[in-house]
There are 2 protein chains.
Amino acid sequence: MFCHVAPRPRNAEATRAAILAAARERFARESYDDVGMRDIAGDVGVDAALVSRYFGSKEELFLTVLDSCANGRDLMDGERADFGRRVARDVIFEGGGEGKLKKLLIMLRSIGSAKAMELVQRTGSESFFDPFAAWIGGEDGAVRARLAAATIMGMAVSREITAGFGLTPAECERLADRMALILQNIIDN
Amino acid sequence: MFCHVAPRPRNAEATRAAILAAARERFARESYDDVGMRDIAGDVGVDAALVSRYFGSKEELFLTVLDSCANGRDLMDGERADFGRRVARDVIFEGGGEGKLKKLLIMLRSIGSAKAMELVQRTGSESFFDPFAAWIGGEDGAVRARLAAATIMGMAVSREITAGFGLTPAECERLADRMALILQNIIDN
DNA sequence: TGGCTTTGTCATCACCCGTTGACAAGCGAA
DNA sequence: TTCGCTTGTCAACGGGTGATGACAAAGCCA
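- By the naming in an unreviewed UniProt entry, chain A goes by TetR family transcriptional regulator and is assigned to Brevundimonas denitrificans.

1. Some points on the overall build of chain A
Move 1: Each helix and strand counted, chain A has nine helices and zero strands in total.
Move 2: What you see in chain A, going N to C, is helices and strands ordered as α-α-α-α-α-α-α-α-α.
Move 3: Counting only C-alpha atoms, chain A reaches 60 × 40 × 30 Å along its principal axes.
Move 4: Expressed as a percentage of the 189 residues in chain A, the buried residues total 52%.
Move 5: Put simply, chain A shows about 8,600 Å² of open surface, and 50% of that area lies on carbon and sulfur atoms.
Move 6: When the 25 positive and 28 negative side-chain charges of chain A are each reduced to one mean point, those points stand 3 Å apart.

2. A look at the packing of aromatic side chains
Move 1: Under the definition given, this model contains 16 aromatic pairs over all chains.
Move 2: With 5.4 Å between their ring centres and 80° between their planes, F128 of chain A and F129 of chain A make a pair best called edge-to-face. By the burial criterion, F128 of chain A is buried, and F129 of chain A matches it.
Move 3: Here the aromatic rings of F27 of chain B and Y32 of chain B are separated by 5.9 Å at their centres, their planes lie at 10°, and the arrangement is stacked.
Move 4: Overall, the relative accessible area of 2% leaves F27 of chain B in the buried class.
Move 5: Joined through ring pairs, the aromatic side chains of F83, F128, F129, F132 and W135 of chain A make up one cluster.

3. Some points on the nonpolar core
Move 1: Counting residues in each nonpolar core, the largest one holds 136 residues, and the members touching the most others are L61 and F132 of chain A together with F132 of chain B.
Move 2: Apart from residues lying up to four places away in sequence, F132 of chain B is in contact with L75, M76, F83, A145, A148 and A149 of chain B.

4. Some words on the packing of helix α7 (residues 114-136) of chain B against helix α8 (residues 141-161) of chain B
Residues and elements named next belong to chain B.
Move 1: Two numbers describe how α7 lies on α8: the axes approach to 8 Å, and their chain directions differ by 115°. One way to sum up the angle between α7 and α8 is to call them roughly perpendicular. Helix-helix and strand crossings are classified by hand; for α7 and α8 the assignment is right-handed. Across from S125, F128, F129, F132, A133 and I136 in α7, the residues of α8 making contact are G141, A142, R144, A145, R146, A148 and A149.
Move 2: Taken together, the residues of the contact of α7 with α8 sort by class into nine nonpolar, two polar and two charged.

5. Section: the interface of chain A and chain B
Move 1: Counting residues at the interface gives 43 residues for chain A, matched by 42 residues for chain B.
Move 2: Counting the surface chain A buries against chain B, the share from its top three residues, I111, I161 and R178 of chain A, is 20%.
Move 3: Run the count over chain A and chain B and you get four salt bridges.
Move 4: The partner of D140 of chain B in a salt bridge is R174 of chain A, with the nearest N and O atoms 2.8 Å apart.
Move 5: The interface formed by chain A and chain B holds 12 residue pairs in polar contact (both at pLDDT 80 or more) in total.
Move 6: Counting residues per element, the ones that place at least two in the side of chain A that touches chain B are α6 (102-109), α7 (114-136), α8 (141-161) and α9 (169-188) of chain A.
Move 7: When residues in the side of chain A that touches chain B are grouped by element, the largest group, 13 residues, is from α8 of chain A.
Move 8: Looking at the side of chain A that touches chain B residue by residue, the classes come out as 22 nonpolar, 10 polar and 11 charged.

6. Concerning the UniProt feature "DNA-binding region" (unreviewed entry) in chain A
Move 1: Per the UniProt entry, the sites bearing "DNA-binding region" (unreviewed entry) are residues 36-55 of chain A in this numbering.
Move 2: Secondary structure across residues 36-55 of chain A comprises 80% helix and 0% strand; the distance between its end C-alpha atoms is 14 Å.

7. Things to note about the relation of the copies chain A and chain B
Move 1: Overlay of chain A on chain B (RMSD 0.1 Å): rotation 180°, translation along the axis 0.0 Å. The transformation relating the two chain copies, once decomposed into turn and shift, fits a two-fold axis.
Move 2: A high fraction, 98%, of the interface residues of chain A reappear at the interface in chain B, so the copies pair face to face through one surface.

8. Quick notes on the environment of A134 of chain B
Move 1: Inspection of the secondary structure assignment puts A134 of chain B in helix α7.
Move 2: Taking the C-alpha atoms as reference points, A134 of chain B and C172 of chain B, separated by 38 residues in sequence, lie 31 Å from one another.

Reading the values: the criteria
- Residues numbered from 1 in each chain as written.
- Chains lettered and ligands numbered in written order.
- Predicted model: local features only at pLDDT ≥ 70, side-chain atom pairs only at ≥ 80, totals over all residues.
- Heavy atoms only, no water.
- Helix = DSSP H or I, 4+ residues; strand = E, 2+ residues; numbered from the N terminus.
- Buried < 20%, exposed > 50% of the residue type's maximum accessible area, 1.4 Å probe, protein only.
- Areas by Shrake-Rupley, 256 points an atom, 1.4 Å probe, with all protein chains shown as cover.
- Lys, Arg positive; Asp, Glu negative; His and termini not counted.
- Charge placed at Lys NZ, Arg CZ, Asp CG, Glu CD.
- Phe/Tyr/Trp six-rings, centres within 6.5 Å; stacked < 30°, edge-to-face > 60°.
- Core = buried A, V, L, I, M, F, W, Y, C linked by side-chain atoms within 4.5 Å.
- Contact = heavy atoms within 4.5 Å.
- Axes fitted to C-alpha atoms, helices over the stretch in contact; angles between N-to-C directions.
- Parallel < 35°, antiparallel > 145°, perpendicular 65-115°, else oblique.
- Left-handed = near helix turned anticlockwise from the far one by under 90°.
- Nonpolar A, V, L, I, M, F, W, Y, C, P; charged D, E, K, R; others polar.
- Buried area = accessible area lost by both parts, 1.4 Å probe.
- Salt bridge = Lys/Arg side-chain N within 4 Å of Asp/Glu carboxyl O.
- Polar contact = N/O pair within 3.5 Å; in protein donor to acceptor, adjacent residues only side chain to side chain.
- UniProt positions renumbered as here; feature names shortened; annotations may be inferred.
- Least-squares fit on C-alpha atoms with pLDDT ≥ 70 in both.

Here it is in structure tokens:
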């Protein structure tokens, strides 16, 4: 019995897109340093050399991934009055990786690598914080954007370094409720 | 003219302590992966091999550093009514590295390395979150401890990935005020 | 002074990483 | 079919890492 893996069709554009998508998932879940070119290539079923060739270098790939992510504005579609609750539940119960928080997660993980952080610093402000601040609007929009982003990222960190908070499900519910309140309050005034 | 660096006196105990201190500073400011044995050794003026010999391995050194840090309780000496303001200003204006937040910073940076995170997960709860929760006390102490820690870590992350928030000094003041309020509110009820 | 233990250094190893250029395979056009 | 371009693979390189064991130097004790 011969088992063949279905070979990837020869299609540069599709392959490039698949690599980009795989890289986005990786970078959202592991730090820049922990993600290897060989890992990404393996996810797609391709040789690592191809990744280098299509994207030039790991740094350029990382930047392309950042660009490809939903930017700050997409965090906020949906009811504004529901923002706190929505985001709190996403980050606490899902880890944020599925939704619009992906870019925030990737930025967060950049503190693990001096190289990645420099890249994030260059692009993070205009692509994330500025639109976010504009959406929040009002007095001190920029300040409140930093505050909200910090709250979200902090909870994401806390979730990971305690392996799911180490709380009971009921406590997680109350954690989500409290966080929702805080976030909504930041947004509202 | 001969310029000699004062040679470190031959004293195993003092050298070991110096290495530990240097490692603590490094790990509080850079991620586990970015800190090299040669960096730490260089700070002390010693060969990298000595670090390995005194602490066994990088992992063991990291664990020893975590132990050597002020634990959760030390975060909270000082007026309880002043907690929010004190911590907010420390993290926003100083980056937290000088004070009692060092352990939190090190834990935070562990998200940059799968290896470091596993170590932090094993020791973080009983050495940090549990005492912190006990100090907070009252209903939902554990939940509120996670919330406060997340707020602090998030602000530390935000500060770094935006290279000092990118805010005016006046805005930073208002950021600190708002954060102080939130933190204090978490502590109080 | 001579010898022994402690303290520190040096050269080196094996490993993993991103990257590169040479090569193979697919596939459409002539 | 045969040529030629595109798409993908392979083996290798240079650089950096943590770790190791042999060696040098310093201090102490007799």
